[in-house]
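# Remarks on the overall topology
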Amino acid sequence: MSEEKTGTGVNESSSSYFTYAFGLAAGALSAYALLRLAAHAQSVLILVALAAFFAVSLNPIVTALTRQSRVPMPRWTAVLVVGFGVLAIVAGFLAIIVPPVSREVTALVHQVPHLLNESQDQSTWLGRLEAKYHVFAKVQSTLDSKDFGANALSGVVGAGKYVLDMLTSMLAVVALTIYFLAGLPNVVNAVFRTVPASRRLRARAIGDEILVQVGRYMLGSLLNASIAGLATFVWSVTFGIPYPAALGVMVALMDMVPVIGSTVGGAIVTLVALSVSIPVALATLVFYIAFRITEDYLLLPTVMRHAVNVPPIVTVVAVLIGGALMGLIGALLAIPTAAALKLVTQEALIPRLDRR
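The following refers to the structure shown. (Residues numbered from 1 in each chain as written. Predicted model: local features only at pLDDT ≥ 70, side-chain atom pairs only at ≥ 80, totals over all residues. Heavy atoms only, no water.)

## Details of the overall build of the chain
Scanning the chain for helices and strands turns up twelve helices and zero strands. Beginning at the N terminus, the succession of helices and strands in the chain can be written as α-α-α-α-α-α-α-α-α-α-α-α. Split into buried and exposed, the 356 residues of the chain put 26% on the buried side. Sequence-distant contacts, at least 24 apart, represent 61% of the contacts inside the chain between residues at least 6 apart. (Helix = DSSP H or I, 4+ residues; strand = E, 2+ residues; numbered from the N terminus. Buried < 20%, exposed > 50% of the residue type's maximum accessible area, 1.4 Å probe, protein only. Contact = heavy atoms within 4.5 Å.)

Here you go:
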């Protein structure tokens, strides 16, 4: 009798070990499959994350429109108002950027015959350069080569595909942002329903605070970027730097990227200022150095006082990691993500560790 029990116990133990090993292997395979799927769908996941970030950032404006009493709005109306406002801003940006670029390309095409004639005159600077380096001769030989047509065609097709992909991605982000923005309360409620009931209230409080901080951060960044763009526009108009409106919009967009954005924007404006004169370019460089110091020690602390409070070293590390993982989009999402992790650590992890 005891032998039967012993044998049964051995069989049950072996069965439990087999079940555990099978479950472990199935979990490992499932995790590997999910990682492979995420790697193949990385571009789509980045677009979804970007749209979700924009939706959370615009949510304070939608909430403010629904809560104001002058013109009562349901949420879908407020979402439409904000969506049309964003589209108007994008259309205004294109209206500012496209005409100068088109004029410059047209002027360059019209200037080509004059440049060719000048390259034949060795009394000019361009002629001496051509006599020494034979730049135009090399360009002409490249144009006459047999492979140039095929390479040019493939280059045009590649450029067209890149532009089409970029436009498709922009439209996808806009559409996803509107969908996320319209259904954000339902999405948030569905996410919190996955949390156990005993912890749901605490998780909801932390999640709501994260959403508020991300929204405040984005609005603060927009205000700070608008100040940078306006300062660039005024400076360019004052000193005759070409395309002041386009440069102002470019600096405003670059300033949205933390740590490095304003520096890159200032460098681009300084290079454009070289077309006016070297003294104007040097003055522009000094202006952006002074503006960067003012932005770091006056504007950002004032604008972000009630938004995120992330230490500078964490900001730099987060931007570097985000940029390495997802490029420019990763750098844009780095600080809100770091702020969310800091809040979760302070409100959930550290109190749990203190109780042990």
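## Section: the packing of helix H9 (residues 244–255) against helix H10 (residues 261–273)
H10 packs onto H9 with a crossing angle of 160 degrees between their chain directions and a minimal axis gap of 7 Å. In terms of orientation, H9 and H10 fall into the roughly antiparallel class. In the crossing of H9 with H10, the sense of the turn from one axis to the other is right-handed. Between H9, through Leu247, Met250, Val251, Met254 and Asp255, and H10, the contact on the second element is made entirely by Gly261, Ser262, Val264, Gly265, Ile268, Val269 and Val272. Of the residues contributing to the contact of H9 with H10, the split by class is eight nonpolar, three polar and one charged. (Axes fitted to C-alpha atoms, helices over the stretch in contact; angles between N-to-C directions. Parallel < 35°, antiparallel > 145°, perpendicular 65-115°, else oblique. Left-handed = near helix turned anticlockwise from the far one by under 90°. Nonpolar A, V, L, I, M, F, W, Y, C, P; charged D, E, K, R; others polar.)

## Observations concerning the side chain of threonine 284
When you line up the elements, threonine 284 lands in helix H11 (residues 278–303). At 3.0 Å, the side chain of threonine 284 forms a polar contact with the side chain of tryptophan 235. Excluding its chain neighbours within four sequence positions, the residues that come into contact with threonine 284 are Trp235, Ile241, Val269, Thr270 and Ala273. (Polar contact = N/O pair within 3.5 Å; in protein donor to acceptor, adjacent residues only side chain to side chain.)

## Let's talk about the environment of leucine 87
Its location among the elements puts leucine 87 in helix H3 (residues 75–119). Between the C-alpha atoms of leucine 87 and valine 174, which are 87 residues apart in sequence, the distance is 8.7 Å.

## Quick look at a positive patch on the surface
Among the surface-exposed residues, Arg199, Arg352, Arg355 and Arg356 lie close enough to one another that they form a single positively charged patch. Within the secondary structure layout, arginine 356 lies in the segment after helix H12 (312–355). (Patch = residues over 30% accessible without salt bridge, like charges linked within 9 Å, V, L, I, M, F, W, Y side chains within 5 Å. Areas by Shrake-Rupley, 256 points an atom, 1.4 Å probe, with all protein chains shown as cover. Salt bridge = Lys/Arg side-chain N within 4 Å of Asp/Glu carboxyl O. Lys, Arg positive; Asp, Glu negative; His and termini not counted. Charge placed at Lys NZ, Arg CZ, Asp CG, Glu CD.)

## Points about the packing of aromatic side chains
Tallying each qualifying case throughout the model produces five aromatic pairs. Both rings, one in phenylalanine 53 and one in phenylalanine 54, keep their centres 6.0 Å apart while their planes meet at 45 degrees; by these two values the pair is tilted. When the ring of phenylalanine 287 is compared with that of tyrosine 288, the centres are 5.1 Å apart and the planes differ by 75 degrees; the resulting orientation is edge-to-face. This pair shows no difference in class: phenylalanine 287 is buried, exactly as tyrosine 288 is. An aromatic cluster of at least three residues, connected via ring pairs, comprises Trp235, Phe239, Phe287, Tyr288 and Phe291. (Phe/Tyr/Trp six-rings, centres within 6.5 Å; stacked < 30°, edge-to-face > 60°.)

## Quick notes on the environment of alanine 205
Of note, alanine 205 is situated in helix H8 (residues 197–239). Using a relative accessible area of 42% as the deciding quantity, one classes alanine 205 as partly exposed. Residues alanine 205 and glutamate 347, spaced 142 residues apart in sequence, show a C-alpha to C-alpha distance of 9.8 Å.

## Thoughts on the packing of helix H7 (residues 184–192) against H8
Two packed helices can be described by the angle between their axes and the distance between those axes. H8 packs onto H7 with a crossing angle of 140 degrees between their chain directions and a minimal axis gap of 10 Å. For the pair H7 and H8, the crossing hand works out as right-handed. The segment H7 lies against H8, with Val188, Asn189 and Phe192 engaging Arg200, Ala203, Arg204, Gly207, Asp208 and Leu211. Residue composition of the contact of H7 with H8, grouped by class: four nonpolar, two polar and three charged.

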